[in-house]
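Structural features, examined
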Amino acid sequence: MKNILAFANTAAGVAELTTGAAALGERVTLITSGSTYGCASIVYTYPAELSAVSILPAAAALVAASGAELLICENSSDGKLVGGYCAAKLGASPLCDSQGLDFDGEGLISTRLVYGGSAIKTEKSPLPAVAIMNAGVFDASASSGAPEMLELEVSAQDGLELVGTSALETSTVNLAAA
């Protein structure tokens, strides 16, 4: 594979996914709100205060425009959201909870545990593909140098606007009187 995108916000996720992407492909592009960049050659950053919902259209547009053959996401709520949204825009099904990835020249082969870990399921997906990776699948390595830094273009119309927060009132139940 030539072009792989990774989405991760945690330092461990970035290090692991970019190392795995570098082993699978020639060029690694990272989308992150974090401050570590792993083995990525190109990094698209967005402000950490933005929710993942706010970057969905911009991330999907980047995946489509880049011609990436694979998007790998960390197994987090944000990773699953970005992976699922981008997969839908690509017309693909996300390969969730992947324990391993391989490329056979025709498509992506993913393995994952099923039936409570008592069996391994192998799935093949045509390219472009989206995989949500479990932690610990790839060995993390040190940074590979200074990547090209770009800003993910998120328009105000793309995201949600936080209009306020309030404390949740707690209540108690008198079980003896109930």
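Described below are features of the structure shown in this document. Fair warning: this is a prediction, and the values are worked out from it, not measured in the lab. (Residues numbered from 1 in each chain as written. Predicted model: local features only at pLDDT ≥ 70, side-chain atom pairs only at ≥ 80, totals over all residues. Heavy atoms only, no water.)

1. Concerning the sheet that holds strand β8 (residues 119-126)
Using the following cut-off: For two strands to be treated as a pair, DSSP must find no fewer than two bridges joining them. By definition, any uninterrupted DSSP run of H or I lasting at least four residues is a helix, any uninterrupted run of E lasting at least two residues is a strand, and each is numbered from the N terminus. To get an axis, fit a line to the C-alpha atoms, keeping to the stretch in contact for a helix; angles then go from 0 to 180 degrees between the N-to-C directions.
The strand order across the open sheet formed by three strands is β6-β7-β8, and the pairing between neighbours is antiparallel. The outermost strands of the open sheet, each flanked by one partner alone, are β6 (100-103) and β8. Taken over all neighbouring pairs, the strand axes of this sheet differ in orientation by 25° on average, direction set aside. As paired strands, β6 and strand β7 (residues 107-114) are joined by four bridges and run antiparallel to one another. For leucine 101, the partnering residue across the bridge sits in β7 and is serine 110.

2. Let's talk about the pairing of β7
The hairpin turn running from β6 into β7, its antiparallel successor, is three residues long, and glycine 105 in that turn takes a positive phi close to 95°. The turn linking β7 back onto β8 is made up of four residues, and tyrosine 115 within it adopts a positive phi angle of 50°.

Spatial relationships are all this shows, so hold off on functional conclusions.
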